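# Results of the structural survey
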Amino acid sequence: MPVGKFLVQRLRVPTILHGISRSASSGSMVISDPLNFWSARRVKLNDTAKTEAVYEPATGRLLCQLQHCGEEEVNQAVSNGHSAFGVWSKMSGMERAKVMLEAARIIERRREEIAEVEVVNNGKSITEARLDVDSARLCIEYYAGLASTLAGQHVQLPGGSFAYTRREPLGVCVGIGAWNYPLQIAAWKSAPALACGNSMVFKPSPVTPVTAVLLAEIYVQAGAPSGLYNVVQGGQETGMLLCYHPSVAKVSFTGSVPTGKKIMEMAASGVKPVTLELGGKSPLIVFEDSDLENAVRGALMANFLSQGQVCSNGTRVFVQRQILPQFLEEVVQRTRAIQIGDPLLEQTRMGAVVSRPQLEKVLGYIRQAKEEGARILCGGEPITPADPKLKNGYYMSPCVMDNCTDNMTCVQEEIFGPVMSVLPFDTEEEVLRRANDTTMGLAAGVFTRDVKRAHRVVENLQAGTCFINNYNITPVEVPFGGYKASGIGRENGQVTIEFYSQLKTVVVEMGDVDSLF
Ligand SMILES: NC(=O)C1=CN([C@@H]2O[C@H](COP(=O)(O)OP(=O)(O)OC[C@H]3O[C@@H](n4cnc5c(N)ncnc54)[C@H](O)[C@@H]3O)[C@@H](O)[C@H]2O)C=CC1
């Protein structure tokens, strides 16, 4: 099969044109090519492989049948990763950067097409999917820039002897992804791994298996050695085979806290390092002196991106009591105005939840919140869009709830859907205590005009990523990751180089051996 060919077909010509962007409507993409990838090509497994149906969230239509990798296929992919590691790890940083920059250029050229595939598989709006593609590209560009900066240290020792350190790659790294940002996660993991000289075997979520394979083709097209970035498809069993594989050097995982704990246990049995990007129940604190307009915008960004399926979402919105009525009025008005519908249409701002079970889970949380005393101010209902082809899609209206208390399930558990819980507070001390009263600590945000208070609050928030007067912006130049049960290690930023490399110390004797024996 030719590499780099666009391997999804349309049933009909795109029907809608909006301004400069080519756009298609949902329900028209067919995916028939294999989704496993090693030896620099898509691999069809034999017919005995376990398969799983993949759906288009916007329409509920069957998109493709996913073939799961078993032990034999995982071995092949890891072995390919090993071969590539032998070549790639010996190349200079500048040589690696050249390949990565070419991959970034291809992504930029194919931005629209990749974004459309992401929408069809994930259900998020095309506007957001384009930003995800940009983030993937920027991440690859950023780490291409860092690839040639990896360096050691020279340390002078007595008698003219010296030592030096070498920053070396780890080997074959495994990436395991979640379904909320399929391409972006694949890029955020592969870019630093490859920049450091590692190879990667990536397992996407079986719910969203498609775009990680496009990335694999793009790396090959950009000149990466065969086996540098491989994709194995499957669920828990395939993931476990990867984590326990004796030739795998590291596991980088994005997903839920319970699965993250299992990944860590499996990696521990082989003393392998892990990066864990797990869930959150992050607080967003709005003080009475905030710029209300910006605070409201921030609260929406903190809750409704990607249908609310974002690990860093600020789902516990603490609002100082004096401004609670105005805040709620504004938030509800804007939430009601969110255009829900076909995610491939330009005007859509909220598409479909990723799957039927996820939709039911989210609606279940809302039912429970009502039972526990929360008041639904808007949304929280399943929606059937007027367009008949969307009637089986997984849509719901974004929900704002007040009357929430800290002990309610909706305030304690990660819902992973478009549900904002609003909680009043009175004092800074009180809100800090309540904001930190969680086992998780991925992100947090504060809105205030008081610069001293902003920094004082942030200093006391137990979260790996804090936002002042904004929320959910993730430039690839800055580290992202969690405190407490929200994770280990960081993604993005310079520091991530340390999580994909190891340090070798070389001691050089220039005199005689001073033996004690
Ligand atoms: N915080 C976050 O970033 C995310 C949180 N979630 C939450 O988790 C819930 C469940 O969603 P899932 O997709 O099932 O998340 P998950 O965390 O179970 O799965 C994430 C990835 O891990 C793989 N996996 C699952 N079990 C594994 C195992 N034992 N060994 C190795 N790999 C394994 C999955 O196939 C997938 O690729 C969601 O409803 C949501 O609440 C889901 C995705 C991302």
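The name recorded for the protein in an unreviewed UniProt entry is Aldehyde dehydrogenase domain-containing protein, from Coilia grayii. According to UniProt, the comment filed for the protein under the heading Subcellular location (unreviewed entry) is "Cytoplasm, Cytosol". Quoted straight from UniProt, the Subunit (unreviewed entry) entry for the protein says "Homotetramer."

## Quick look at the overall build of the protein
A count of helices and strands for the protein gives 15 helices and 28 strands. Taking 2.2 N^0.38 as the reference for a compact globule, 517 residues should give roughly 24 Å; the C-alpha atoms of the protein span a radius of gyration of 24 Å, in line with that estimate. Principal-axis analysis of the C-alpha atoms gives the protein an extent of 80 × 60 × 40 Å. Considering the protein as a whole, with its 517 residues, one finds that 52% of them fall into the buried category. Taking all contacts inside the protein whose residues are at least 6 apart in sequence as the whole, residues at least 24 apart take part in 72%.

## A look at the site of the ligand
Contacts to the ligand come from 26 residues, most closely from Ala 178, Gly 239, Gly 255, Ser 256 and Cys 311. Mapped by element, the contributors of at least two residues to the shell around the ligand are helix H7 (236–244), helix H8 (257–269) and helix H11 (356–371). Examining the composition of the shell around the ligand, we find that four residues originate from one element, H7, more than from any other. Along the lines of polarity and charge, the residues of the shell around the ligand split into 10 nonpolar, 12 polar and four charged.

## A few points about unusual backbone geometry
At Val 271, a residue that is not glycine, the phi angle is positive and equals roughly 45°. With respect to the element layout, Val 271 can be found in the loop between H8 and strand S15 (274–277). Residues other than glycine seldom take positive phi values, yet Phe 416 does so here, at roughly 60°. In this fold, Phe 416 is placed in the loop between helix H12 (409–412) and strand S22 (419–425).

## A short note on the sheet that holds strand S9 (residues 154–156)
The antiparallel open sheet is built from three strands, whose spatial order is S9-S10-S28. Among the strands making up the open sheet, the edge pair consists of S9 and strand S28 (501–508). Direction aside, neighbouring strands of the sheet carry axes that sit 20° apart on average. Looking at chain direction, S9 and strand S10 (residues 162–169) are connected through three bridges and run antiparallel.

## Topic: the UniProt feature "active site" (unreviewed entry) in the protein
The sites that UniProt annotates as "active site" (unreviewed entry) are Glu 277. Residue placement: Glu 277 occurs in strand S15. Filtering out sequence-adjacent residues up to four positions away, Glu 277 remains in contact with Phe 253, Thr 254, Cys 311, Gly 481, Gly 487 and Glu 491.

## Looking at H7
Helical periodicity: at 3.6 residues per turn, an α-helix aligns residues three or four positions apart in one direction. All of the buried residues along H7 are Thr 238, Gly 239, Leu 241, Leu 242 and Cys 243. On its buried side, H7 packs onto helix H1 (71–88), strand S11 (172–176), strand S12 (199–203), strand S14 (248–254) and H8.

## Some remarks on H11
Helix length check: H11, at 16 residues, gives a terminal C-alpha distance of 23 Å against a target of 22 Å (1.5 Å per residue), a fit within 8%. Along H11, the positions that sit buried rather than exposed are Gln 358, Leu 359, Val 362, Tyr 365, Ile 366 and Ala 369. Projected onto a plane normal to the axis of H11, the buried residues spread over an arc of 120° and lie on a single side. Away from its buried face, by an angle of more than 90 degrees, H11 presents the exposed residues Pro 357, Arg 367 and Glu 371. Remark: Gly 373 follows H11 within two positions and exhibits a positive phi of approximately 110°.

## Observations concerning the sheet that holds strand S17 (residues 316–320)
The mixed open sheet is built from seven strands, whose spatial order is S18-S21-S22-S17-S16-S24-S25. The open sheet has two edge strands with one neighbour each: strand S18 (375–378) and strand S25 (465–468). The sheet shows a mean angle of 25° between the axes of neighbouring strands, direction not considered. Examined bridge by bridge, S18 and strand S21 (residues 399–402) share three bridges and lie antiparallel to one another. Bridge pairing in S21 links Cys 378 to Val 400. Contacts from helix H10 (residues 324–336) reach strand S16 (283–286), S17, S18, S21 and S22 within the one sheet, and its direction differs from that of S18 by about 55°.

What counts as what
- Residues numbered from 1 in each chain as written.
- Predicted model: local features only at pLDDT ≥ 70, side-chain atom pairs only at ≥ 80, totals over all residues.
- UniProt positions renumbered as here; feature names shortened; annotations may be inferred.
- Helix = DSSP H or I, 4+ residues; strand = E, 2+ residues; numbered from the N terminus.
- Rg over C-alpha atoms; globule rule 2.2 N^0.38 Å.
- Buried ≥ 20, exposed ≤ 12 C-beta atoms within 10 Å, placed from the backbone.
- Contact = placed C-beta atoms within 7 Å.
- Near = placed C-beta within 6 Å.
- Nonpolar A, V, L, I, M, F, W, Y, C, P; charged D, E, K, R; others polar.
- Pairing = 2+ DSSP bridges.
- Axes fitted to C-alpha atoms, helices over the stretch in contact; angles between N-to-C directions.
- Expected span 1.5 Å × (residues − 1).
- Arc of directions from axis to C-beta.

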